[in-house]
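# Coordinate analysis (summary)
Here is what each chain is made of, one letter per residue.
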Amino acid sequence: MTLDLIVRNCALHGEPVLMDIACAAGRIVEVAPAIEAKAAREVDAGGNLVTPPFVDSHFHMDATLSMGMPRLNRDGTLLEGIRIWGELKPDLTAEGIKARAMKLISWAVARGNLAIRTHVDTTDPSLMAVDVLLAVRDEMKDVVDIQLVAFPQDGLLRSRNGMGLMRAALDRGVDVVGGIPHFERTMDEGRESVRLLCELASERGLMVDMHCDESDDPLSRHIEALTFEAQRLGLHGRVTGSHLTSMHSMDNYYVSKLLPLMAEARVNCVCNPLVNMNLQGRHDTYPKRRGLMRVPELMAHGVNVSLGHDDVMDPWYPMGTHDMLEVAHMGAHALHMTGVEQQEALFDAVTVNGARTLGLTGYGLAPGCHADMVVLQAASKMEALRLRPARLHVIRRGRVIASTPEVAASVDLGNGPMRVDFR
C-alpha cells in the first residue's frame with residue numbers, strides 16, 4: 001500500500017506513549033507507535049496533541065461578517081439583532097453572502113474547524129441565501145463538511161408562506177429541518193410549529209435542529225414539546241434543541257422531570273456560551289442571570305451536549321474569530337466546568353459530541369476513519385483549553401490544508417533573551 005501521509009510522534013488522549021498515524025486514500029490505515037513505513041509526506045507532531053477536527057454545531061453563515069450593515073446593535077439584545085437582520089435582508093446580494101461565507105470558512109479551516117452546521121434563513125421569499133449556501137456547501141465539500149438547517153428566522157407561523165418556503169428549501173437540498181418556536185406569536189403557536197416541523201422531518205427522513213427557548217422566561221418550555229415529538233415520532237437521536245437558555249431560569253423540580261425525558265428521547269443539545277452570555281440576562285439589573293442551558297446536569301443524565309459559536313461579527317455578536325476552543329474556554333468559566341473531567345468534557349463538546357450531533361460518519365482517529373485531524377501546540381486537552389494554541393497543522397483527507405508556525409515569545413529579564421512558549 002502506498003501511504004500518502006504519516007503524522008509521527010502524536011500525543012493522543014488516553015494513550016501512554018507517542019503514536020504515529022498512517023493515512024492512505026483519504027483514510028487512516030494504522031495508528032501505532034513508530035510505524036515502519038514511508039509516505040509521500042511526513043509530519044512530525046513533536047509530542048503535541050493530535051485530535052479529530054473541531055465541529056461547530058451551531059452557526060449562521062448567511063449573516064456572518066455583516067456587522068454594521070445597515071447599523072450596529074447598540075443595545076446588544078437578541079430582538080434588536082433580529083430587527084437589524086430584517087432591515088438588512090432586502091439589501092443582501094448573492095455575491096456579498098458568498099464572499100463573507102468564504103472568508104469565514106478560511107478562518108474556520110485555519111483553526112481546525114472542518115465541520116459546520118449552519119442555519120440559513122428561509123423566510124426570504126427568494127431563498128437567495130439558501131441557494132448561495134447550497135452552492136458554497138458543494139464547492140467546499142473537499143475542504144469542510146457544511147450541513148445546512150432550514151431556519152424560519154421570522155417564525156414559521158408568523159411568516160407569510162412559512163411552511164411553503166420551508167418545504168421549498170428542503171426540496172433544493174437543505175439537510176436539516178429548523179424552527180424557532182419561542183419567536184412565534186403565542187406559546188400555542190410555538191408548540192404547533194414544533195409539531196408541524198417534526199412531522200415534516202419524519203415524513204422526509206431528516207434531522208431536526210430548533211432554536212428553542214432562547215429566552216430568560218422560565219415558562220418558555222418548547223423543549224418539552226420538542227422532546228415529546230421526538231419520542232412520539234421515533235426521531236430518537238435525530239433531534240437537537242439549540243440554546244435552551246430558559247433552562248437557566250426554570251425551577252429545579254420541573255427540570256428534574258424534564259432531563260430524564262430528554263435523555264429517553266435521545267435529544268441532542270447545543271449550548272452557545274459566547275453569544276448567549278452576551279445576549280441573555282439583558283432585562284436583569286442585579287443579580288444578572290448567565291442564561292445558559294444546564295450543561296453539567298444534561299451531561300450527567302447522558303444527554304449528548306455539543307457547543308456552537310453561533311455568530312461571528314453580525315447583528316447579534318460583534319466579536320469572534322470562529323475559534324471553537326474560545327467557545328469551550330468561555331464554557332469552562334460560565335458553566336462552572338473547570339474540573340479536570342469537566343474540561344475534558346468541554347473539549348469533547350467541540351469535537352466528538354459535535355460529530356454525534358451532526359451525524360457525521362468516519363469521524364475519529366481510528367483505522368478506517370477519514371484522515372482528518374488537527375495538530376495543536378499543546379500536550380493535552382486541558383492545556384489546549386487553557387492556551388487556545390496554534391493549530392500547527394490542519395489535515396483533511398490526508399492532505400495538509402493549513403499550517404501555523406509555533407507560537408513563542410523571546411523575553412529578556414536582564415540576563416539575555418530566553419524563549420517562552422507558555423507551556
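Notes on the structure in this doc start here.

Another aspect to go through is the sheet that holds strand S9 (residues 176-179). Pairing within the open sheet is parallel, and its 8 strands lie in the order S6-S7-S8-S9-S10-S11-S12-S13. Lying at the two open borders of the sheet, with one neighbouring strand each, are strand S6 (54-59) and strand S13 (305-307). Each adjacent strand pair in this sheet contributes to an overall mean axis angle of 25 degrees, direction not counted.

Attention now moves to the side chain of Asn276. By the element assignment, Asn276 lies in helix H8 (residues 273-279). At 2.8 Å, the side chain of Asn276 forms a polar contact with the side chain of His243. When residues no more than four places from it in sequence are discounted, the contact partners of Asn276 are Glu214, His243, Thr245, Arg290, Gly291 and Leu292.

Read across the open sheet, the 4 strands follow the order S3-S2-S1-S4; overall the sheet is mixed. What marks the edges here is a single partner per strand, and that holds for strand S3 (27-32) and strand S4 (39-44). If you compare each strand with its neighbour and ignore which way they point, the axes differ by 20 degrees on average. Sheet analysis places strand S1 (residues 3-10) next to strand S2 (residues 19-24), joined by 4 bridges and oriented antiparallel.

Turning next to the pairing of strand S11 (residues 239-243). Extensive coverage of S11 is indicated by the burial of 5 of its 5 residues. Sheet topology note: the strand S10 (residues 207-212)/S11 ladder contains 5 bridges and is parallel. Directly across from His211, in S11, lies its bridge partner Ser242. Handedness of the crossover joining S10 and S11 through helix H6 (residues 222-232) is recorded here as right-handed. Strand direction decides the pairing type here: S11 and strand S12 (residues 268-271), joined by 3 bridges, are parallel. Bridge pairing in S12 places Ser242 opposite Val270.

This brings us to the state of the cysteines. With the rule as written, the count across this model stands at 0 disulfides. In this structure Cys23 is a free cysteine whose sulfur lies 9.0 Å from that of Cys10, the closest cysteine sulfur available. Look at Cys23 and you get buried, because its relative accessible area is 1%.

Scoring rules and cut-offs
- Residues numbered from 1 in each chain as written.
- Predicted model: local features only at pLDDT ≥ 70, side-chain atom pairs only at ≥ 80, totals over all residues.
- Heavy atoms only, no water.
- Pairing = 2+ DSSP bridges.
- Helix = DSSP H or I, 4+ residues; strand = E, 2+ residues; numbered from the N terminus.
- Axes fitted to C-alpha atoms, helices over the stretch in contact; angles between N-to-C directions.
- Polar contact = N/O pair within 3.5 Å; in protein donor to acceptor, adjacent residues only side chain to side chain.
- Contact = heavy atoms within 4.5 Å.
- Buried < 20%, exposed > 50% of the residue type's maximum accessible area, 1.4 Å probe, protein only.
- Right-handed = clockwise from strand over helix to strand, strands pointing away.
- Disulfide = S-S within 2.5 Å.

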